[in-house]
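# Examination of the molecular architecture
What follows is the residue order along each chain.
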Amino acid sequence: MKDIITFEFSLLTFFSIAILQSLFSLTHGIEPFSVSRINRHHAKERTTTTRRTRTALDSFDSTTSAAALDEEGGEYNNDYYDDDDDSTKDVQELYLTQRLDHFASHSSNHFFSQRYFYTSRYVLQQQQEEKDSTVTSVSSSSSSSSLRGIGREQASASTSTNSNNITEVVFICMGGEGPYLTKTVLTNSTHCSGDMLSLASILSTELHTTVHVFALEHRYYGKSYPQFPASVSTSSLSSSSSTSSSPLTTNHLKYLSSQQALADLAYFVSYIRSTYNISTSVKIVTFGGSYPGMLAAWSRLKYPHLIHAAVSNSAPLEVILDFVKYKDVYARSLMDTTVGGSEQCVQVLQQAHLDAQEKILARGTQDDLEYIAQLFDLCHGAESLKYRKNVDAFLGDGMVFFDVQENDPSCTEHLCNIEKFCGNITQEAETMVPPLEILGKISRDMEEGSCKDISWEGMIAYLSRVDEVAQQSGVRSWLWQTCTEVGFYQTCEVGSNCPFGRGHHTMDADYEICQRVFGIEPEFVRENVEETLRTYGGWNISSDRILSVNGDIDPWSIQSLSASGRSEKEGDRLPSYWSIGASHHYWTHEVKGTDGFGIMRTRDIIYNWVISILQEENNDDDTALAKGELKDGTIGHNIGVSME
């Protein structure tokens, strides 16, 4: 996930200064919104030229790239996303025509162009012709040992026995709220590399299977925005006019929903079968992480006649309005010693926020405000701390926010993972440095020379933009989906285990954002989340052949199917697996030599489950695998294990 964001949903969240901070985190997808990160993202848009930057609005998944701007004209640079090189030369970037509204009368003539990617790298005939090519390097490092679960003998038996052979299959990587897709989605990205692409290589090279590999971009993200005519000339920066041609106006965003996206997928299946001459007997498996992981699961639920199975990674299927547990798990993960955390780390965070609260609110002298403003290098100095909403965002979403869901144990940069972040805090604490000063220094390091902007009104203004730059970031599109479908507002309530300023991030802040940015009143936000649960079922989803895989230090995992306990109680058709010590769908990232045994094991779980599902109709012994009864000798143990 180093391109990225972020169900990885990314995942989503409180739209405050700290809210947008993690919404689109740099590696996975869905993340919490933070005012400071959103404003930082906005500032970088004004100054960055054709280089990718980590943004605050990377939703569940955090690896989303920032929009590139022409330095002088401030215009979007289309060349920025050109990624043609040797590693992607076999990946095609293509478009198909989709209905804008799949649920309206078919007499409607409103359509849009949806982007998708395809590679025939694993189509058997071409695979044989290019078997010495380096194009397949994306998964070569894992193919030699990837069949650890089923064993070489079983693989040989599969290739020599027609009844067990999987001759042809289609894999689809689901696009979502972030990151922005490029051709690397089918070579090396945070999306579907470690699971889907590596498995495609295994099937092609070891089971001699033809694998058609696709990635479908989500409507209203990347280059898949509908185009609308403008009836009058209006400003492109404001969402106030419904007559703007921008797809990001409230009037035009009504066509953005998960149900429309799933209907896009259904038509896409029909389209690729016809275009690529793929028989209806060929099985299709969807893959995704974070919000795309939710879509993968829902695709099997809604279109079981089209989608044979789904791998749903780090997918919080139980959508929730007030996601107070996000920061509870966040704190627990920072205390997890197996990934380098400690209780002292969280204690310092908590005490620093209590100290700041005392200085800003209880005392509030000019000297106190000047001290905090200078310590954290606030853009507008002490004046920014005189507006209560700025203060609530600053304290409620963390004066310092480390993206736990992006934790990478093998990274080497300063403060890049839990071990380094908490190690820095505890080392300073042991030398008797006050908690506030510890966080102030870390904050300045994280801002990398830029001041921290905690302006609530600045964030509202940014989220209200509907111009082309706003389209490239995808932030407004995802915010719309939180207000109209999924919620996931990561509050910091009194009585919770939130390590920040408890009581400073309540649902009132998120309600205000939905109301001011889109005109959606609180009662409708609540009803929209409830309707999503009724539509898909949440933990009570009624489907089968969906594998739910989650990392136990990922805050999103608490709303996942793995956390529902269904596999343990029922041993049903919805198996789940906990990847111990893993962050937000980390196993879907590029395969690296530094990956730990747990991540490799998680990938093996996925490989073997998909293979068993594809073979189940031909081998009665494998039917048990589809029901979650994965025993030693195949996967290694029952994968329906509890979080405890």
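Scroll up to find the structure.
To keep things clear, this report deals only with the structure shown in the data block. (Residues numbered from 1 in each chain as written. Predicted model: local features only at pLDDT ≥ 70, side-chain atom pairs only at ≥ 80, totals over all residues. Heavy atoms only, no water.)

### Remarks on the overall build of the chain
Helix and strand counts for the chain stand at 21 helices and 10 strands. Burial analysis of the chain (644 residues in total) assigns 63% to the buried set. Of the roughly 23000 Å² that the chain leaves accessible, carbon and sulfur atoms contribute 46%. (Helix = DSSP H or I, 4+ residues; strand = E, 2+ residues; numbered from the N terminus. Buried < 20%, exposed > 50% of the residue type's maximum accessible area, 1.4 Å probe, protein only. Areas by Shrake-Rupley, 256 points an atom, 1.4 Å probe, with all protein chains shown as cover.)

### Description of the state of the cysteines
Here the structure, examined in full by the defined rule, presents six disulfides. Note on cysteine connectivity: Cys-173 is disulfide-linked to Cys-192, with sulfurs 2.1 Å apart. Its torsion about the S-S bond being 80 degrees, the disulfide of Cys-173 and Cys-192 is classed as right-handed. A residue pair is termed long-range when its members are at least 10 positions apart, and Cys-173 in strand β3 (residues 168–174) and Cys-192 in the loop between β3 and α5 (193–206) qualify at 19 residues. A residue is classified by how much of its surface remains accessible, and Cys-173, at 1% relative accessible area, is buried. Its relative accessible area of 1% is what places Cys-192 among the buried residues. At a sulfur-sulfur separation of 2.2 Å, the disulfide partner of Cys-345 is Cys-422. (Disulfide = S-S within 2.5 Å.)

### Let's talk about the side chain of Ser-477
Structurally, Ser-477 can be placed in helix α16 (residues 475–486). Separated by 2.9 Å, the side chain of Ser-477 and the backbone oxygen of Tyr-220 make a polar contact. (Polar contact = N/O pair within 3.5 Å; in protein donor to acceptor, adjacent residues only side chain to side chain.)

### What to know about unusual backbone geometry
Comment: phi is negative for the bulk of residues other than glycine, and the bulk of peptide bonds are trans. We note that Glu-448 has phi near 55 degrees; this positive angle belongs to a residue other than glycine. Examined against the element boundaries, Glu-448 turns out to sit in the loop between α13 (435–447) and α14 (456–463). Although it is not a glycine, His-585 adopts a positive phi angle of roughly 35 degrees. Structurally, His-585 can be placed in the loop between β10 (576–579) and α20 (597–615). By relative accessible area, His-585 is classed as buried at 1%.

### As for helix α8 (residues 325–334)
Burial analysis of α8 places seven of its 10 residues in the buried class, which makes it a mostly covered element. Within α8 the residues assigned to the buried category are Tyr-326, Lys-327, Val-329, Tyr-330, Ala-331, Ser-333 and Leu-334. Those residues of α8 that are buried are in contact with α9 (343–363), α11 (388–396) and α12 (418–430). (Contact = heavy atoms within 4.5 Å.)

### Concerning the packing of α9 against α12
Packed helices, taken two at a time, are described by the angle their axes make and the gap between the axes. At a minimum axis distance of 9 Å, the contact between α9 and α12 shows a crossing angle of 75 degrees. Taken together, α9 and α12 sit at an angle that is classed as roughly perpendicular. Residues Gln-344, Cys-345, Val-348 and Leu-349 of α9 form the contact with α12, whose own contacting residues are Phe-421, Cys-422, Ile-425, Thr-426, Ala-429 and Glu-430. Looking at side-chain class alone, the contact of α9 with α12 contains seven nonpolar, two polar and one charged residues. (Axes fitted to C-alpha atoms, helices over the stretch in contact; angles between N-to-C directions. Parallel < 35°, antiparallel > 145°, perpendicular 65-115°, else oblique. Nonpolar A, V, L, I, M, F, W, Y, C, P; charged D, E, K, R; others polar.)

### Focus: the packing of α12 against α13
For the pair α12 and α13, interaxial distance at closest approach is 10 Å and the crossing angle is 145 degrees. Here α12 and α13 pass one another in a crossing that is right-handed. Contacts between α12 and α13 involve Phe-421, Asn-424, Ile-425, Glu-428 and Ala-429 from the first element and Ile-438, Ile-442 and Met-446 from the second. (Left-handed = near helix turned anticlockwise from the far one by under 90°.)

### Digging into α16
Most of α16 is tucked away, with 12 of its 12 residues classed as buried. Of the positions making up α16, those classed as buried are Val-475, Arg-476, Ser-477, Trp-478, Leu-479, Trp-480, Gln-481, Thr-482, Cys-483, Thr-484, Glu-485 and Val-486.

### Quick word on the nonpolar core
Ranked by size, the top nonpolar core spans 123 residues in total, and within it Ile-172, Phe-214, Trp-298, Leu-334, Phe-376, Phe-394 and Phe-421 carry the most contacts. Membership of the second largest hydrophobic core comes to 40 residues, among which are Val-169, Val-185, Ile-202 and Val-211. (Core = buried A, V, L, I, M, F, W, Y, C linked by side-chain atoms within 4.5 Å.)

### As for the packing of aromatic side chains
In this description, a pair of aromatic rings is defined by centroid distance and the angle of the planes. Here the structure, examined in full by the defined rule, presents 23 aromatic pairs. Residues Tyr-291 and Trp-478 carry aromatic rings whose centres are separated by 5.0 Å and whose planes lie at 55 degrees to one another, so their mutual orientation is tilted. Taken together, the residues span a long stretch of sequence, with Tyr-291 in helix α7 (residues 291–302) and Trp-478 in helix α16 at a distance of 187 residues. Overall, the relative accessible area of 1% leaves Tyr-291 in the buried class. Ring centres of Phe-323 and Phe-488 lie 5.7 Å apart, and the angle between their planes is 55 degrees; on these two criteria the pair is classed as tilted. With Phe-323 in the loop between β7 (320–322) and α8 and Phe-488 in strand β8 (residues 487–489), this residue pair connects regions lying 165 residues apart in the sequence. One exposure class covers both Phe-323 and Phe-488, and it is buried. Among the aromatic residues, ring-to-ring pairing joins Tyr-116, Tyr-118, Phe-214, Phe-268, Tyr-271 and Tyr-276 into one connected group. (Phe/Tyr/Trp six-rings, centres within 6.5 Å; stacked < 30°, edge-to-face > 60°.)

### A few points about the sheet that holds strand β5 (residues 283–289)
Strand order in the open sheet formed by eight strands is β1-β2-β4-β3-β5-β6-β9-β10, with mixed pairing between adjacent strands. Looking at the sheet topology across the chains shown, the edges are occupied by β1 (91–99) and β10. With direction set aside, neighbouring strand axes in the sheet form an average angle of 20 degrees. As paired elements, strand β9 (residues 546–551) and β10 share four bridges and run parallel to each other. Within the sheet, the bridge partner assigned to Val-549 lies in β10 and is Tyr-577. (Pairing = 2+ DSSP bridges.)

### Brief notes about the pattern of salt bridges
Pairing is possible between side chains that carry opposite charge, provided their charged atoms lie close to one another. Applying the stated criterion across every chain yields a total of 23 salt bridges. Taking the shortest distance from any N to any O, the salt bridge between Lys-452 and Glu-447 comes out at 3.3 Å. The exposure class of Lys-452 is buried, given its relative accessible area of 4%. The buried category is assigned to Glu-447, whose relative accessible area is 6%. Connected through salt bridges with shared partners, the residues Glu-93, Arg-115, Glu-217 and Lys-223 form a single ionic network. (Salt bridge = Lys/Arg side-chain N within 4 Å of Asp/Glu carboxyl O.)

### Some details on the pairing of strand β6 (residues 309–313)
In terms of burial, β6 is largely enclosed, as five of its five residues are buried. Residue alternation in β6 divides its side chains into two sets, Ala-309, Val-311 and Asn-313 and Ala-310 and Ser-312, and both sets are buried. Two strands pair when backbone bridges link them, and β5 and β6 are joined in this way by five bridges, in the parallel orientation. Paired with Gly-288 across the strands is Ser-312, a residue of β6. Handedness of the crossover is the feature at issue here: the chain leaves β5, passes through α7, returns alongside β6, and the resulting connection is right-handed. Sheet topology note: the β6/β9 ladder contains four bridges and is parallel. Looking at the pairing, Ala-310 lines up with Ile-546 of β9. (Right-handed = clockwise from strand over helix to strand, strands pointing away.)

### Some details on the environment of Glu-358
Tracing the backbone through its elements, the reader meets Glu-358 in helix α9. Exposure remark for Glu-358: the relative accessible area of 39% places this residue in the partly exposed category. Considering only alpha carbons, one finds Glu-358 and Asp-368, 10 residues apart in sequence, at a separation of 9.3 Å. The residues touching Glu-358, leaving out its near neighbours within four places in the chain, are Arg-363 and Gly-364.

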